[in-house]
Amino acid sequence: MVLLTGSCRPKEESRSLVVVLPTGVSSALPNTTTQIASISVLSNVYETLVDLDPGLGLRPGLAESWHTPDDGTWVFRLREGVRLHDGRALDAEDVVRSLEHARSAPSSRRRGQLAELASVEAADSRSVVVRTARPLDTVATRLANVFIWAQAAAERPPLGTGPYRIRSWRSDGGAVLEAFEGHRLGRPPIAEVVFEVVPEPNERLRRVREGSAYLAADVAPALARGVASPRIVTRPDGLRVAFLTFDVARDKSPHASAPTNPFRDRRVRQAVALGIDRAGLVERWLSGRAAVADQITTAQELGAYQASVPRRPFDRAGARRLLAAAGFARGFEVALDFADDSDARSVARAIAADLRSLGIAVRPRPQPEAELARRVEARDSALLLRSWTSETGDGRVSYENLLHTPGSGLGLANAGGYADAGLDRMIREAAAPLGTDQRRLLMARLATKVAFDVPVVPLYMMADVYGVAEPLRFEPRLDGQIRAAELRWAAP
């Protein structure tokens, strides 16, 4: 652990905040990853034009205000006095370069949500004009997770404007951040933040318990029963949904034993959905941390209408009938890809046991998070267990990323290659300016179509659970980000 010392600073300010995460920073370049651990770390270093409060309400960020002179134009007015980490003043050209990179660079994971931005221009040093290809009511929301940055000297991470700047990276994805004295809101209360990667939840909890870390993300409450410290903090209304994705694009899958790709047949996908005991899975393996999911959006997301899809039953007999009707009465063998952590391993074993009873032999194939991300981007999986967090709380953007036909930046996280022109049209319509009732109706139609066609099987919504040690004061955000500038040490 690295400590900052100085005779003129209170002891609390010199204490390093050590945070242990299940995974680390996958890329130092802003807007090139959607992994929640990476976003959590980078949100301390980089800021956005429009910010989100802990409950995901829109608020000014680097832009002090914005307005729409017409249906296709958004004008953002930058704050005065914003400085990059090298001391230079941020100007509109920096913002334009950041947004252009986010909407067009091949490495950007924000291309889909910015696909309908027609142009981005600097009207003057403090004004950025964004024009859209058609009227959208979601531009401010779509910019709320797009980091603004500037190029640094060679071999250094890009410059941000956030309350912390990067002191060092670690090869495993860990990072050390130091308070930025020149931040527009002043120096944050905690001087140094150390993010460390600890894959196993029991080890993360042990680190907090023994005092070598103050905050642990993604811990299991059962591990802390009967223990006074650390304090377990839970946010049950988190935005993370776990689901299965099927390869529906290829005629023959290299990861399934059948002569033809079984998941091209809707009846097989429906059989898998019926044959998994989701309630039992949640109760046995995720007690206290999850609830059964019926959609890829959660109730907290903009546009979500949870009553639109009835609960899919656990029906083993019905699943067998569907498999037989599709010509797979004898089943088949398939690899199940998932990130190698203890929760996913338990869930994968439970899924494999349920599908084995249908004649589907599942080969669990755990792998590092980076490898799983590669499979998602390459659409190189027959059956994939994954999770998705709606960073902005807008369900429409989730549909664009997960289920829109891949192309033109859309469908970047569509790991199964699902393509349906009717669904694409509904997704497009949902992003237009609509009344509340119209938007709910469209989102209900989207959820109903997905439930019928089953390109994915929603499994469960994960609560966000943290272990917190004294004297840290911590309240979880809805988006799961850990922003150190919002935290405090308790008064002595």
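Asker: Any chance you could break down the overall build of the chain for me, citing the residues and the numbers?
Answerer: Each helix and strand counted, the chain has 13 helices and 19 strands in total. Its C-alpha atoms give the chain a radius of gyration of 23 Å, near enough to 23 Å, the size a compact globule of 492 residues would have. Projected onto the principal axes, the alpha-carbon positions of the chain cover approximately 75 × 60 × 40 Å. When each of the 492 residues of the chain is scored for burial, the buried share is 59%. Sequence separation of at least 24 residues holds for 69% of the intrachain contacts in the chain that already meet a minimum separation of 6. Per element, the accessible surface of the chain, about 19500 Å² overall, is 51% carbon and sulfur. On the chain, the mean spot of the 66 positive side-chain charges and the mean spot of the 60 negative ones are 4 Å from each other.

Asker: With reference to specific residues and values, describe the pattern of salt bridges.
Answerer: If you walk through the whole model with that rule in mind, you get 51 salt bridges. The partner of R206 in a salt bridge is E203, with the nearest N and O atoms 2.4 Å apart. Pair noted here: R206 and E203 are both in helix 5 (residues 201-210), with a separation of 3 residues, about one helical turn. You can call R206 partly exposed: its relative accessible area is 35%. Given the relative accessible area of 27%, E203 is considered partly exposed. The salt bridge partner of R206 is E210, with a shortest N-O separation of 2.4 Å. Taken together, the residues R206 and E210, both in helix 5 and 4 residues apart, mark about one turn of the helix. The exposure class assigned to E210 is partly exposed, which follows from its relative accessible area of 47%.

Asker: Describe in detail the confidence of the model for the chain, supporting the description with residues and values.
Answerer: Confidence along the chain averages 91 in pLDDT terms, with 94% of residues attaining 70 or more. pLDDT under 50 marks residues 1-10. Its contacts with residues more than four places away, or in other chains, come to 18 contacts.

Asker: Residues and numbers for the packing of aromatic side chains, please.
Answerer: What the rule picks out here adds up to 8 aromatic pairs. Ring geometry for F328 versus F332: centroids 5.6 Å apart, planes at 75°, classification edge-to-face. In terms of burial, F328 and F332 fall into one category: buried. Both rings, one in Y466 and one in F474, keep their centres 4.8 Å apart while their planes meet at 65°; by these two values the pair is edge-to-face. Each member of the pair, Y466 together with F474, is buried. Clustering of aromatic rings is evident, with ring pairs tying together F246, F263, F328 and F332. The ring of W489 is capped by R15, whose NZ or CZ atom sits 4.7 Å from the centre of that ring. The ring of W285 carries the charged tip of R349 above its face, separated from the ring centre by 6.0 Å.

Asker: Quick one: what's the story with the side chain of T161, residue by residue and with numbers?
Answerer: In this structure, T161 sits in the loop between helix 4 (139-142) and strand 8 (164-169). Reaching out from T161, the side chain makes a polar contact with the side chain of E47 at a distance of 2.7 Å. Excluding residues that lie within four positions of it along the chain, T161 makes contacts with V45, E47, L62, V82, R83, L84, H85, L90 and H183.

Asker: How would you explain the sheet that holds strand 6 (residues 117-124) if you had to name every residue and give the values?
Answerer: Strands sit in the order 4-5-7-6 across an open sheet of 4 strands; the sheet is antiparallel. Among the strands making up the open sheet, the edge pair consists of strand 4 (63-70) and strand 6. Each adjacent strand pair in this sheet contributes to an overall mean axis angle of 20°, direction not counted. Two strands pair when backbone bridges link them, and strand 6 and strand 7 (residues 127-132) are joined in this way by 6 bridges, in the antiparallel orientation. For E121, the partnering residue across the bridge sits in strand 7 and is V129.

Asker: Go over helix 7 (residues 278-285) with me, naming the residues and quoting the values.
Answerer: Taken together, the buried positions of helix 7 are occupied by R278, G280, L281 and V282. Where helix 7 is buried, its residues touch strand 13 (290-292), helix 9 (342-356) and strand 17 (456-468).

Asker: Before we move on, could you go through the packing of helix 12 (residues 421-430) against helix 13 (residues 436-453) and cite the residues and values that matter?
Answerer: In the contact formed by helix 12 and helix 13, the axes pass within 10 Å of each other and the chain directions differ by 155°. As summarised for this structure, helix 12 and helix 13 are arranged roughly antiparallel, according to the angle between their axes. Handedness of the crossing formed by helix 12 with helix 13: left-handed. Contacts from L423, M426, I427, E429 and A430 in helix 12 reach L442, M443, R445, L446, K449 and V450 in helix 13.

Asker: Break down the pairing of strand 7 for me, with residues and values.
Answerer: For strand 7, the buried fraction is high: 5 of the 6 residues fall into the buried class. A loop of 2 residues connects strand 6 with strand 7, the two strands running antiparallel in sequence.

Conventions used here
The residue numbers shown here count from 1 along each chain, following its written sequence. A pLDDT threshold of at least 70 governs which residues receive local features in this predicted model, and a stricter bar of 80 or more applies before side-chain atom pairs are shown or counted, although totals over entire chains, interfaces and linings include all residues. Note that water and hydrogens are dropped before the side-chain values are worked out from all heavy atoms of the structure. Secondary structure is summarised from DSSP: a helix means a run of H or I of at least four residues, a strand means a run of E of at least two, and numbering begins at the N terminus for each. Here the globule rule reads 2.2 Å times residues to the power 0.38, and the radius of gyration is calculated from C-alpha atoms. Each residue is assigned to one of three classes by its accessible area relative to the maximum for its type, calculated with a 1.4 Å probe on protein chains only: buried under 20%, partly exposed between the two thresholds, exposed over 50%. Working rule for contacts: check all heavy atoms of both residues, and any pair within 4.5 Å makes them a contact. Here the open area of atoms and residues is found with the Shrake-Rupley method and a 1.4 Å probe, where only the protein chains shown may cover a residue. A residue counts as positive if it is Lys or Arg and as negative if it is Asp or Glu; His and the chain ends are not included. One atom stands in for each charge, and that atom is NZ of Lys, CZ of Arg, CG of Asp or CD of Glu. Note on definitions: salt bridges are taken to be side-chain nitrogens of Lys or Arg within 4 Å of carboxyl oxygens of Asp or Glu. A score between 0 and 100, pLDDT records how confident the predictor is in each residue. The criterion for an aromatic pair is that two Phe, Tyr or Trp rings (for Trp, the six-membered ring) have centres within 6.5 Å, with stacked assigned to planes under 30 degrees apart, edge-to-face to planes over 60 apart and tilted to the rest. Counted as over-ring charges are cases with an Arg CZ or a Lys NZ within 6 Å of the ring centre that also lie within 35 degrees of the ring normal. Residues adjacent in sequence count toward polar contacts only when both atoms are side-chain atoms; beyond that, a polar contact is any pair of N or O atoms within 3.5 Å, and within protein one must be able to donate a hydrogen and the other to accept it. Whether two strands pair comes down to DSSP finding at least two bridges between them. An axis is simply a line fitted to the C-alpha atoms; with a helix, the fit covers only the stretch in contact. Between two such axes, the angle follows the N-to-C directions and lies from 0 to 180 degrees. Roughly parallel refers to an angle under 35 degrees, roughly antiparallel to one over 145, roughly perpendicular to one between 65 and 115, and oblique to any angle outside these ranges. Crossing handedness follows the turn of the near helix against the far one: under a right angle anticlockwise gives a left-handed crossing, and clockwise gives a right-handed one.

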